[in-house]
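# Observations on the model geometry
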Amino acid sequence: MAESSRMEKIVSLCKRRGFIFQSSEIYGGLNGTWDYGPMGAQLKKNIKDHWWREMTQMRDDIVGMDGAILMSRAVWRASGHETTFSDPMVDCLLTKKRYRADQVEPQSGTAYRFTGAKSPSGWTDEKTYAVLIKEGGHPDSARKLARQFYAQARPEQSNGNLADIELLGETTEVVQDSTAFNPENGGLLSEPRSFNLMFKTYVGPVEDESNITYLRPETAQAMFVQFKNVLEVSRKKLPFGICQIGKAFRNEINPRNFTFRSREFEQMEVEFFVKPGTGFEWVDRWLEDRLSWYERIGLPREKIHVLDVPEEDRAFYSKKTYDLEYAFPFGVQELEGIAYRTDYDLSRHQEASGKPLEYFDEETKERYIPHVVEPSGGVDRTVLAVICEAFDEQEVTDEKGKTEVRTVLHFAPSVAPIKVGIFPLLKNKPELVAKAREVEARLRPHMATFYDETGAIGRRYRRQDEVGTPFGITIDFETLEGVKEGPDAGKLDTVTLRHRDSMAQERISIEELPAYLLTRIR
C-alpha cells in the first residue's frame, strides 16, 4: 500500500470509528486543533495511564505533579522563551501562505526573474519577482504566475486580461537546492523572519503590558520552579524525578500531518535530577527505559530509530540528546526527545527569582545545583504512532468462500480502548440476550466492554476489529444447552472466545473469563 494512501485510510478510519475529529468541524474546522471521540479519548487515556503507572507506581525515584497552564510571565522571561522561543517564517509572495523556513524542501530548476511589470492602463510596478520551474516545466507557466503576482496589487487588473501585463527584465538562472521558492507553486518566498510560537493572553480584566502572560508552550518549567517544594515534601534524595502529563500550546506556523503537529497538544515529561557529572550515564539509561516502554504499548523496538543528535542541531543548553523517531506514513518523525539539559534551567530560575534552588548532599556535605535529564514525549504523537503501527488490511475468506478485506487495528491489549466485545448469537432469542447481559455485568467492573446484538455475528466481529478490540465473546446455544462434542461435551455456561489477531476461537467457561482476560489485557 502506498504510504499516502495508507495515511488517507487511517485518517478516514479515525473519523468513521470515533477516534479523532476535526475540531469545530461544523464551522469549517480550526487548523491545527483536533477533538478525540469515544474511541480516541479512551485510547489516549490508556496510554497516559500506562505511562503514569510506569513512572510513579513502578518506580520509587519519581513523583508526579500537575502544574498550571498559566504561569507568571517572569517564568518565561527567565527560561528564555519570551525572547528565543521562535521559528523562522516565510510567506509565499503570491498566495500569502506561510511556511517554516527550516522546513522548506530544497528545489532545483530554472529560476525566471523579473525586474517589474507594466500595463497598457498606465501602471508600472518595479518590484522584483521570480518563479522556479523544475525540469520539464514550460516557461509560460512562470510568466503566468509572475503576471498573477503583479496583478494582485492592482484590483482593477483582476477583471482584465493578464496577458496584457508586460513583464520587464526577464532573465533566467539555473539554481540547485534552493529554499527560496514555494514547493507548491514555485513562486518566490519572502525573506525569513522570526515568529514567536507562544500564545499571548492577559490575566485579569485589563489588557495592558503588566498583565501579559502566555499559554505554556511546554510543561517542563512548572517542574523546575516547583523543584524545591517537591523535594521537601517528597523527602527524596538525588537522583530523583518529577513527572507530569499536561496540555501545551504552540502557535505553529504550518500545522500538518494530521495530529502530528498541532497547536494544542499534550506532553508527558520527566525532569530527572542528578548529581553533576552523572548526566551522560543517566541519559543512556533513560534511552533504554523509553525504548522498552514503547515496545510494551505496541511500537516494536526495530520500528523506532534512535538519532544521536549532533552538537550543531541540539538546543544550546543540551550536552547530549537522543531523538526517538518513528516511521509514520508521511515520513520519519520525532516521537520523543531525551535531553541532558545540565543545570541550565534551575540556574536560570535561581538567578531570576533570587530564591535558592540548590540541593544539599547529605553524604558529601556539598551544595550544588542538580543537573537534569529530560525524557519528553508527545501524547498525541504517541497515539498517532500506535494507530499507524496497529493499522492493517487483510484479505480473508468468509464461511461462504467469499474473499473480503478485513480492516483491523492490532492494538496492544493494555492500551486498546475496548478490551472485549460481547455478542448474543441472535438478538431475537431472549435467553441468549439475558445470558450475554449476565456475562457483560460480570466483566464490566474489571475492563472496558462493548455489547452488540445488531447484525450478523461476522459483521459484529469486523466492527470490533476496526476499533482494535482484542477479544470477542459470543453467547450461543451451546452456552445454554451444553457443549455438543469434545472433552467438555455436555458442559453448560461456556462461551466462544475469539482472538482478534489470529481470528482463532476457543471454548471457555464463563466462570474462568475474568481471570483469563485480566492476565492478557494488562
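In what follows, the accompanying structure is described. What you are looking at is a predicted structure, and each value in this text was computed from that prediction instead of being measured.

So, about the overall build of the chain. Looking only at helices and strands, the chain has 14 helices and 29 strands in total. For the C-alpha atoms alone, the extent of the chain along its principal axes is close to 95 × 75 × 50 Å. Among the 522 residues that make up the chain, the fraction classed as buried is 49%. Within the chain, contacts between residues separated by at least 24 positions form 66% of all contacts whose residues are at least 6 apart in sequence. On the chain, roughly 25,600 Å² of surface is accessible, and the fraction owed to carbon and sulfur atoms is 49%. Side chains of the chain give 72 positive and 84 negative charges; the mean places of these two sets differ by 3 Å.

On to a nonpolar patch on the surface. Judged by side-chain polarity, Ile-69, Leu-70 and Val-203 come together as a nonpolar surface patch covering roughly 230 Å² of accessible area. Mapped onto the secondary structure, Val-203 falls in the loop between strand 13 (199-202) and strand 14 (212-215).

Core analysis: the largest hydrophobic core is formed by 55 residues, its most contacted members being Phe-19, Trp-286 and Phe-411. Where this core is concerned, the elements lending two or more residues are helix 1 (3-16), helix 2 (38-57), strand 15 (240-249), strand 16 (264-274), helix 8 (279-296), strand 18 (320-328), strand 19 (331-342) and helix 10 (379-390). Considering each element in turn, this core owes the most residues, eight residues, to helix 10. By size, the runner-up hydrophobic cluster in this structure holds 28 residues, among which are Val-90, Ala-111, Trp-123 and Val-131.

Here the focus is the sheet that holds strand 7 (residues 116-118). With antiparallel pairing, the three strands of this open sheet are ordered in space as 8-7-10. Strands at the two margins of the open sheet, each flanked by one partner only, are strand 8 (124-125) and strand 10 (166-168). Sheet analysis places strand 7 next to strand 8, joined by two bridges and oriented antiparallel. In the sheet register, Lys-118 faces strand 8, and the bridge partner there is Thr-124. Running over the sheet, helix 5 (residues 139-151) touches strand 7, strand 8 and strand 10 and is turned about 95° from strand 10.

In this section: the packing of aromatic side chains. All chains considered together, the criterion is met by 23 aromatic pairs. For the ring pair Phe-272 and Trp-286, a centre distance of 5.5 Å and an interplane angle of 70° mean the geometry is edge-to-face. Separated by 14 residues along the polypeptide, Phe-272 in strand 16 and Trp-286 in helix 8 bring together distant segments of the chain. Assessed through its relative accessible area of 1%, Trp-286 is described here as buried.

Looking now at the packing of helix 2 against helix 8. Between two packed helices, what matters for the description is the angle formed by their axes and the separation of those axes. Between helix 2 and helix 8, whose axes approach to 11 Å, the crossing angle comes to 140°. Here helix 8 runs oblique to helix 2, going by the angle between their axes. Crossing of helix 2 over helix 8 shows right-handed handedness. On the side of helix 2, the interface is formed by Ile-47, His-50, Trp-51, Glu-54 and Met-55, while helix 8 contributes Trp-286, Arg-290, Trp-293 and Arg-296. Residues that form the contact of helix 2 with helix 8 fall into these classes: five nonpolar, one polar and three charged.

Tracing the backbone shows Lys-435 in helix 11 (residues 430-443). Owing to a relative accessible area of 12%, Lys-435 belongs among the buried residues under this scheme. Here Lys-435 is in contact with Ile-475, Thr-479, Leu-480, Asp-493 and Ile-510, once residues within four sequence places are set aside.

This brings us to the sheet that holds strand 29 (residues 505-509). Read from one edge to the other, the open sheet built from five strands follows the order 26-25-27-28-29, with strand pairing classed as mixed. Either end of the sheet is taken by a strand with one partner, and the two such strands are strand 26 (449-451) and strand 29. The mean angle between the axes of side-by-side strands here comes to 25°, regardless of whether they run parallel or antiparallel. As defined by bridge partners, strand 25 (residues 420-424) adjoins strand 26 across three bridges and the pair is classed as parallel. In the strand pairing of strand 26, Ile-422 is matched with Tyr-451. Contacts from helix 14 (residues 513-521) reach strand 25, strand 27 (471-475), strand 28 (494-499) and strand 29 within the one sheet, and its direction differs from that of strand 27 by about 165°.

Criteria and thresholds
Residues numbered from 1 in each chain as written. Predicted model: local features only at pLDDT ≥ 70, side-chain atom pairs only at ≥ 80, totals over all residues. Heavy atoms only, no water. Helix = DSSP H or I, 4+ residues; strand = E, 2+ residues; numbered from the N terminus. Buried < 20%, exposed > 50% of the residue type's maximum accessible area, 1.4 Å probe, protein only. Contact = heavy atoms within 4.5 Å. Areas by Shrake-Rupley, 256 points an atom, 1.4 Å probe, with all protein chains shown as cover. Lys, Arg positive; Asp, Glu negative; His and termini not counted. Charge placed at Lys NZ, Arg CZ, Asp CG, Glu CD. Patch = residues over 30% accessible without salt bridge, like charges linked within 9 Å, V, L, I, M, F, W, Y side chains within 5 Å. Salt bridge = Lys/Arg side-chain N within 4 Å of Asp/Glu carboxyl O. Core = buried A, V, L, I, M, F, W, Y, C linked by side-chain atoms within 4.5 Å. Pairing = 2+ DSSP bridges. Axes fitted to C-alpha atoms, helices over the stretch in contact; angles between N-to-C directions. Phe/Tyr/Trp six-rings, centres within 6.5 Å; stacked < 30°, edge-to-face > 60°. Parallel < 35°, antiparallel > 145°, perpendicular 65-115°, else oblique. Left-handed = near helix turned anticlockwise from the far one by under 90°. Nonpolar A, V, L, I, M, F, W, Y, C, P; charged D, E, K, R; others polar.

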